[in-house]
Amino acid sequence: MSTVLVFLEAKSGSPSRISLEALAAGAALATATGAQLAAAMVGPAAALDSLGTLAAAISIEHPLLDRYTADGYTAACAQLVARLQPDFVLFPHTYQVRDFAPRLATRLGRVLISDVTAFSLAGSTVTFTRQLFQGKLNGHYHSAAPAPCLVSIQAGAFHAAEPAPTSVPVESFAPTLESSAIRTQPGEPFRAASQTVDLSSAPLIVSVGRGIKDEANITLVQELAQALGAELAASRPICDAGWLPMERQVGSSGQTVAPKLYLAVGISGAIQHLVGMKGSQCVVAINKDENAPIFEIADYGIVGDLFEVVPALTAAIRKAKG
Amino acid sequence: MKIIVAIKQVPERDARIRIDSSGRWIALDDIEFRMNESDAYALEEALLLKEAHGGEVIVLSAGPERVGQTIREALAKGADRGIHIASDSLASLDALGVARLMAAAIADEHPDLILTGLQSDDLGLGQTGVILAELLGIPHSSLILKIEKIESGLRLLRELEDGWFQHITLPTPALLTIQSGNTKLRYATLMGIKKAKTKELRTVDAASLGTGSQPSLLLDSVALPSRQKTTQMLPGSPAEAAAALVAKLQQEVRVL
Ligand SMILES: Cc1cc2nc3c(=O)[nH]c(=O)nc-3n(C[C@H](O)[C@H](O)[C@H](O)COP(=O)(O)OP(=O)(O)OC[C@H]3O[C@@H](n4cnc5c(N)ncnc54)[C@H](O)[C@@H]3O)c2cc1C
């Protein structure tokens, strides 16, 4: 029987949310292709106890894997793949997976299908969908190489199952690793020094993107935020340019927010931004491009030039507040 | 330090996305091209390293003739020479195929460091650099913000998720994929643009590199995402749309 192997990533000792989404993708793929589902993670066996129905649960243990390195993970994963001979190997599309999975695929003579949002089956061919042009276009791919097919799954693309006791005893797998083969030396993770704004608890957020064009125009959205009584946030390019401090960046490498209102001004809606704000209760988007991906998740939208709409909105809010 | 920077030419950010008649890519006829954003940051890091420690910066790019323009732009910003892997059919390759071309084209260069952007704005695979490192048998690290030269090699600042960071040290030769934001990008000066015209730009025909192999990943078709259209659009003039939104914020979202 063929196997779908899902490689989970630990966060504070247990499988991360996005790993469980990848597991759900793996379960759906196993059902569709008549395969069995296996899950593996670097860490202790106990961390794998709530994964539901599986054919195998594997804890990968080795002192050289205590801290993530691309060399260590690539070698360990290659050995596990050689042992299980899976047809598909799925990963959550995290920064760590971005770092080592392409290397692993190359070592196996394959190409990772990265950041996949959906799959479909026609005959025996599985077609994988991934985003192009930062979400403005979808591409449909298939693997023309023999197994294994390596795939990483985008955050939020599949729904994680409720935790249930793992149906099989957890096996342990000890890869053979040499410390001399690990060439990078990772330091402890740390946070940026001073975090003076906590956007995660802000009830109202006005967020500005590259559509604002110029640093001098930031005052436009500052005035809107002030009129609303909202915190000001931004997409990455605004913080990269230094127009707003990095601590106001929302997204995968910035803050995760869940306000009552998230008003996105001139933001296209790339996945790395969306993961940071899609938990908002109400999303409003102002964008000149009616096809901007942000409208996919917005409750209300205004298609128009922000340089006309924002001042009009600021004035209307001031008037409403009296 | 001898540094190779791999850069990609991609469609302009605001380019109108229309699917071409093959159904496999977008129509490129009236599209402007530019340097991929994170590659521009990779180039900037390379130029900063050269300014601090001396050495040479070589830009490497694969693609059709128009790619030469993006290489010239990098030369104008201060890179010393360019290598253009000329190919009109890169789209028929997967990331491994492109990385093989790059590995073959720089086989005689023996750089201390190879930099790429962390992903391209068109395909967004985020893999070509990492694959190249494995093909060359050198260590790599991705999502790098800062590079510092130290005795044993390099000390790096790597971006992690949710506002976390990490330092990493690794020996050279190495390959790094660069994340945007650590530095301000420079503009080419008039002098730089003039000088760029005289700098060496070597064109290598992709077919001559002898890496030809069947791709293991195929892009069958592209499609505009099917919108679920849950968004309630507020039409009218800016003032009308603004008034309609204020009414929603008062009555339905209840935040005003
Ligand atoms: C590993 C990684 C991590 C990342 N982390 C983050 C992150 O944490 N946060 C983040 O935001 N991004 C992050 N990014 C970047 C992300 O992929 C996008 O590039 C970024 O979010 C785009 O920002 P934007 O929407 O402001 O700009 P663009 O994509 O350039 O969009 C600008 C928008 O403004 C609109 N516009 C232009 N002019 C006007 C006008 N006059 N009126 C109205 N609308 C206008 C355009 O139609 C467009 O939709 C990350 C990327 C990577 C690869």
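In this text the structure is predicted, and so the values were computed from the model without any measurement.

In this structure, Val4 and Leu90 of chain A together with Ile85 of chain B are the most contacted members of the largest nonpolar core, which totals 68 residues. In terms of residues, this core owes the most to one element, helix α3 (residues 95–105) of chain B, which gives eight residues. Counting residues in each nonpolar core, the second largest holds 40 residues, with Cys239, Val265, Leu306 and Ala316 of chain A among its members.

Here helix α7 (residues 306–321) of chain A spans 22 Å end to end across 16 residues, near enough to the 22 Å set by a 1.5 Å rise per residue. Where α7 of chain A is buried, its residues contact α4 (218–228), β16 (261–265), β17 (282–287) and β18 (300–303) of chain A together with α6 (238–251) of chain B. Two to three positions downstream of the cap, the backbone nitrogen of Phe307 of chain A sits 2.9 Å from a side-chain oxygen, assigning the N-cap of α7 of chain A to Asp305 of chain A. Taken from the residues just after α7 of chain A, Gly322 of chain A is the one with a positive phi, measuring 80°.

For the rest of this paragraph, the subject is the domain arrangement of chain B. The assigned domain composition of chain B is domain 1 (2–209) and domain 2 (230–256). Relative placement of domain 1 of chain B and domain 2 of chain B: their C-alpha centres are 44 Å apart.

On to the pattern of salt bridges. Counted by the stated rule, this structure contains 28 salt bridges over all chains. Where Arg236 of chain A meets Asp240 of chain A, a salt bridge forms, and the shortest distance between an N and an O atom there is 3.4 Å. One end of the pair is Arg236 of chain A and the other is Asp240 of chain A, both in helix α5 (residues 236–240) and four residues apart, which spans about a single turn. Exposure class is identical for Arg236 of chain A and Asp240 of chain A. Each is buried. The structure contains a network of salt bridges with shared partners spanning Lys2, Glu56, Arg81, Glu109 and Arg202 of chain B.

Accessible area lost on assembly of the parts is the figure often given for the size of an interface. All names here are of chain A. On domain assignment, one finds that chain A holds domain 1 (3–181) and domain 2 (199–321). Facing nine residues of domain 1, the contacting portion of domain 2 comprises seven residues. Contact with domain 2 buries area across many residues of domain 1, yet Tyr95, Gln134 and Lys136 alone supply 56% of it, more than any other trio. At the surface where domain 1 touches domain 2, the tally comes to zero salt bridges. Its residues assigned to classes, the side of domain 1 that touches domain 2 comprises two nonpolar, five polar and two charged.

This part covers the sheet that holds strand β5 (residues 56–60) of chain A. Spatially, 10 strands are ordered β11(A)-β5(A)-β4(A)-β1(A)-β6(A)-β10(A)-β7(A)-β8(A)-β9(A)-β12(B) in an open sheet, and the strand pairing comes out mixed. The open sheet has two edge strands with one neighbour each: β11 (170–173) of chain A together with β12 (217–223) of chain B. Averaged over all neighbouring strand pairs, the angle between strand axes comes to 30°, with direction disregarded. Running over the sheet, helix α3 (residues 95–107) of chain A touches β1 (3–8), β6 (88–92) and β10 (149–153) of chain A and is turned about 160° from β6 of chain A.

Taken together, the contact pairs 79 residues of chain A with 87 residues of chain B. Between chain A and chain B the total buried area reaches about 7200 Å² when both faces are included, carbon and sulfur atoms providing 55% of it. Between chain A and chain B we count seven salt bridges in total. Put simply, Asp162 of chain B and Lys11 of chain A hold a salt bridge, and the shortest N to O gap is 3.4 Å. At the junction of chain A and chain B, the tally comes to 44 residue pairs in polar contact (both at pLDDT 80 or more). Broken down by class, the residue content of the side of chain A that touches chain B amounts to 37 nonpolar, 22 polar and 20 charged.

The environment of the ligand is made up of 34 residues, and the closest members are Ser235, Val250, Ser268, Gln272 and Asn287 of chain A. With respect to the ligand, the chains having nearby residues are chains A and B. Contact distances for the ligand include 3.3 Å between an oxygen atom and a side-chain N or O atom of Gln134 of chain A. Take Gln272 of chain A: an N or O atom from its side chain is 2.8 Å from an oxygen atom of the ligand. For the ligand, the accessible surface in isolation is 990 Å², of which the surrounding protein chains cover 94%. Those elements that provide at least two residues to the shell around the ligand are α3, α5, α6 (271–274) and α7 of chain A. Of the residues contributing to the shell around the ligand, the split by class is nine nonpolar, 17 polar and eight charged.

Conventions adopted
Residues numbered from 1 in each chain as written. Chains lettered and ligands numbered in written order. Predicted model: local features only at pLDDT ≥ 70, side-chain atom pairs only at ≥ 80, totals over all residues. Heavy atoms only, no water. Core = buried A, V, L, I, M, F, W, Y, C linked by side-chain atoms within 4.5 Å. Buried < 20%, exposed > 50% of the residue type's maximum accessible area, 1.4 Å probe, protein only. Helix = DSSP H or I, 4+ residues; strand = E, 2+ residues; numbered from the N terminus. Expected span 1.5 Å × (residues − 1). Contact = heavy atoms within 4.5 Å. Polar contact = N/O pair within 3.5 Å; in protein donor to acceptor, adjacent residues only side chain to side chain. Domains from an automatic or database assignment. Salt bridge = Lys/Arg side-chain N within 4 Å of Asp/Glu carboxyl O. Buried area = accessible area lost by both parts, 1.4 Å probe. Nonpolar A, V, L, I, M, F, W, Y, C, P; charged D, E, K, R; others polar. Pairing = 2+ DSSP bridges. Axes fitted to C-alpha atoms, helices over the stretch in contact; angles between N-to-C directions. Near = heavy atom within 4 Å. Areas by Shrake-Rupley, 256 points an atom, 1.4 Å probe, with all protein chains shown as cover.

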